[in-house]
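# Structural features, examined
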Amino acid sequence: TTPALDCGGRRLKLDRPRVMGIVNVTPDSFSDGGAHATTDAAVAHALRLAEEGADLLDVGGESTRPGAGEVPLEEELARVLPVVERLARETGLPVSVDTSKPEVMRAAVAAGAGMINDVYALRREGALDAAAAAGVPVVLMHMLGEPRSMQDAPAYDDVVGEVHRFLADRIFAAEMAGIPRARILVDPGFGFGKTVAHNYLLLRQLGRIAELGVPVLAGLSRKSMIGTVTSRAVAAERVHGSVAGAVLAAQNGAAIVRVHDVAATVDALKVLQACLEQPAAAERP
Ligand SMILES: Cn1cnc2c(O)nc(N)nc21
């Protein structure tokens, strides 16, 4: 039987590494078109990612970048729900909601979201119960502290061991809240309270995170771990490095890679798959 996730009725096969397209629903600061412009722009972008071959989409209304502040509940709902609703209707793809607020989890799943992606690993008040009630897969991600301060001076004795332990604890908490293991994914949280060195140690030893026995999601796309080693200060110039990172994450055990540049990543993963699948002459039956 092929490993797969049931994302609110939409099946996501995990027989090979899958590509999650990033859909940030943040006000378009260049246009004063307000909410409609924001929704329309986000949906148009997401439909393009679907065209490029995304296996699922991740819709987020609150930036989680280092230093980011909180978005009020009403604002996050206003950003996310219209986009989730339209994408669930207009694409056959599973739509993930990137949120840490239980109210947004409930409303987004009611609007058609088939996965919850929580960078706080359901640690917010009420989040475990909301995710359990939602009945969709949930991504539990490691973060050290808060977005505001996580990059100040991240330090670990054993980053891989500590991230592994945190994720094991969150899996246990989720199972105790009634979320079956079959609906749990984990994520080491690249860039969330890690130095560049920590990030590459986690990437190199991603197999140890995969030993937790649930699918691993990895998000390196356009992050500073890529920009630093390639000296690319502009995020849009980090595509090549990001694609290399996605291939390495997939080769090291990631079941899903969360990316901005879907077309490039889809092609790169096809090359990886060919390498893993084609029988060598010596092996040919
Ligand atoms: C929302 N978001 C930003 N970066 C992320 C990452 O690396 N993983 C997950 N699951 N979500 C992320």
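What counts and how
Numbers given for residues are sequential positions, taken from 1 along each chain in its written order. Under the rules for a predicted model, residues below a pLDDT of 70 receive no local features and side-chain atom pairs below 80 are neither given nor counted, while totals for whole chains, interfaces and linings still include all residues. For the side-chain quantities, the full set of heavy atoms in the structure was used; hydrogens and water were omitted. Only runs of H or I of at least four residues qualify as helices and only runs of E of at least two qualify as strands under DSSP, and these elements are numbered from the N terminus. C-alpha atoms define the radius of gyration, and 2.2 Å times the number of residues to the power 0.38 defines the globule rule. By definition, residues are in contact when any of their heavy atoms lie within 4.5 Å. Here the open area of atoms and residues is found with the Shrake-Rupley method and a 1.4 Å probe, where only the protein chains shown may cover a residue. When charges are counted, Lys and Arg contribute as positive and Asp and Glu as negative, whereas His and the chain ends are disregarded. Taken as the charge centre is NZ of Lys, CZ of Arg, CG of Asp or CD of Glu, depending on the residue. A 1.4 Å probe that fits but cannot get out identifies a cavity on a 1 Å grid over protein atoms alone, an open set with protein on both sides within 12 Å along at least five of seven lines counts as a pocket, and a residue lines either if it has an atom within 4 Å of a point. Grid points are joined across faces, edges and corners, and a volume is the space filled by probe spheres set on the points. Charged means Asp, Glu, Lys or Arg here, nonpolar means Ala, Val, Leu, Ile, Met, Phe, Trp, Tyr, Cys or Pro, and polar covers whatever is left, Gly included. Summary of the burial criterion: residues with accessible area below 20% of their type's maximum are buried, those above 50% are exposed, and those between are partly exposed, where the area comes from a 1.4 Å probe applied to protein chains only. Just to be clear on terms, a salt bridge is a Lys or Arg side-chain nitrogen sitting within 4 Å of an Asp or Glu carboxyl oxygen. Directions are taken from the helix axis to each C-beta atom, and the arc is the one they span. For each residue, the test is whether any non-hydrogen atom lies within 4 Å of the molecule or strand; if one does, the residue is near. Pairs of N or O atoms are called polar contacts if they sit within 3.5 Å, as long as, within protein, a hydrogen donor faces a hydrogen acceptor (for residues adjacent in sequence, only side-chain-to-side-chain pairs). By definition, a pocket or cavity contains a molecule when more than half of the molecule's atoms lie within 2 Å of the pocket's grid points. Any pair of Phe, Tyr and Trp rings, taking the six-membered ring for Trp, is counted once the centres come within 6.5 Å. Such a pair is stacked with planes under 30 degrees apart, edge-to-face with planes over 60 apart, and tilted for the rest. Whether a charge sits over a ring comes down to the Lys NZ or Arg CZ being within 6 Å of the ring centre and within 35 degrees of the ring normal. Here pLDDT means the predictor's own confidence in every residue, given as a number from 0 to 100. Residues belong to a common nonpolar core when they are buried Ala, Val, Leu, Ile, Met, Phe, Trp, Tyr or Cys residues joined through side-chain atoms within 4.5 Å. Between any two strands, pairing holds if DSSP finds at least two bridges.

## A word on the overall build of the protein
Looking only at helices and strands, the protein features 10 helices and 10 strands. For 285 residues, the compact-globule estimate of 2.2 N^0.38 gives 19 Å, and the C-alpha radius of gyration of the protein, at 18 Å, lies within 12% of that figure. Contacts in the protein between residues at least 24 apart in sequence constitute 68% of all its contacts with a sequence separation of at least 6. Carbon and sulfur atoms provide 53% of the accessible area of the protein, an area that totals close to 12900 Å². Side chains of the protein give 29 positive and 35 negative charges; the mean places of these two sets differ by 4 Å.

## A short note on unusual backbone geometry
If you check the backbone angles, Leu122 has positive phi at about 60 degrees while not being a glycine. By the secondary structure assignment, Leu122 is in the loop between strand 6 (115–118) and helix 4 (127–134).

## As for the layout of surface pockets
Empty space within the largest pocket amounts to approximately 740 Å³. Forming the boundary of the largest pocket are 31 residues, of which Thr64, Arg65, Ser221, Lys223 and His260 lie nearest the centre. For the lining of the largest pocket, the class distribution of residues is nine nonpolar, 14 polar and eight charged.

## Focus: the side chain of Arg183
Within the element layout of this structure, Arg183 appears in the loop between helix 5 (159–176) and strand 8 (184–187). One buried charged residue, Arg183, remains without a salt bridge, the closest side chain of opposite sign being Asp6 at 8.5 Å. Sequence-distant contacts of Arg183, that is, excluding residues within four places in its chain, are made with Ala131, Ala132, Gly135, Val136, Pro137 and Val138.

## Overview of helix 3 (residues 102–110)
Listed in full, the buried residues belonging to helix 3 are Pro102, Val104, Met105, Ala108 and Val109. Projected down its long axis, helix 3 carries its buried residues within an arc of 160 degrees, all on one side. Buried residues along helix 3 sit in contact with helix 2 (73–90), strand 5 (95–98), strand 6 and helix 4. The positive-phi residue at the C-terminal boundary of helix 3 is Gly112, with phi of around 120 degrees.

## Looking at the site of the ligand
Every residue lining the ligand is accounted for by Thr64, Asp98, Asn117, Val119, Val139, Met141, Asp187, Phe192, Leu217, Gly219, Lys223 and Arg258. Between the ligand and the protein, one listed contact pairs a nitrogen atom with a side-chain N or O atom of Asn117 at 2.8 Å. Contacts to the ligand include Lys223, whose side-chain N or O atom sits 2.8 Å from an oxygen atom. In isolation the ligand has 300 Å² of accessible area, and contact with the protein removes 96% of it. Applying the majority rule of atoms within 2 Å of the grid points places the ligand in the largest pocket. Class assignment of the residues belonging to the shell around the ligand gives a composition of five nonpolar, three polar and four charged.

## Some details on the packing of aromatic side chains
If you walk through the whole model with that rule in mind, you get zero aromatic pairs. Sitting over the ring of Tyr120, Arg124 keeps its end group 4.4 Å from the ring centre.

## Notes on empty space enclosed by the protein
A water-sized probe rolled over the atoms picks out the places where empty space is left. This structure, assessed with the given rule, holds one cavity of 30 Å³ or more. In this structure, the largest cavity encloses a volume near 40 Å³. In terms of lining residues, the largest cavity is bounded by Glu62, Thr64, Glu76, Asp98, Thr99, Ser100, Asn117, Asp118 and Val119.

## A closer look at the confidence of the model for the protein
When pLDDT is averaged along the protein, the result is 94, and 96% of the positions lie at 70 or above. Element-level pLDDT for the protein is lowest in helix 1 (residues 34–51), with a mean of 91, against a maximum mean of 99 in strand 9 (residues 217–218). Reported confidence for the predicted complex is 1.00 by ipTM and 0.96 by pTM.

## Quick notes on the nonpolar core
Of all hydrophobic cores here, the largest spans 67 residues; its most connected members are Val23, Val59 and Ile116. Broken down by element, the residue count for this core peaks at seven residues, all from helix 5. With 12 residues, the next largest nonpolar core counts Cys7, Met20, Leu56 and Val139 among its residues.

## Some points on the pairing of strand 1 (residues 4–7)
Of the two faces of strand 1, the one holding Leu5 and Cys7 is buried and the one holding Ala4 and Asp6 is not buried anywhere. The pairing of strand 1 with strand 2 (residues 10–13) spans four bridges and is antiparallel. The residue bridging Ala4 from the neighbouring strand is Lys13, located in strand 2. Joining the antiparallel neighbours strand 1 and strand 2 is a turn of two residues, in which Gly8 adopts a positive phi near 60 degrees.

## Observations regarding the pattern of salt bridges
This structure, assessed with the given rule, holds 14 salt bridges. A salt bridge links Glu90 to Arg86; the nearest nitrogen and oxygen atoms lie 2.9 Å apart. With Glu90 and Arg86 both in helix 2 and four residues apart, this pair spans about one turn of that helix. The class for Glu90 is partly exposed, based on a relative accessible area of 38%. Classification of Arg86 by relative accessible area gives partly exposed; the value is 25%. As a salt-bridge pair, Glu175 and Arg181 come within 3.5 Å of each other at their nearest N and O atoms. Here the salt bridges share partners, and the residues they tie into one network are Asp15, Arg18 and Asp55.

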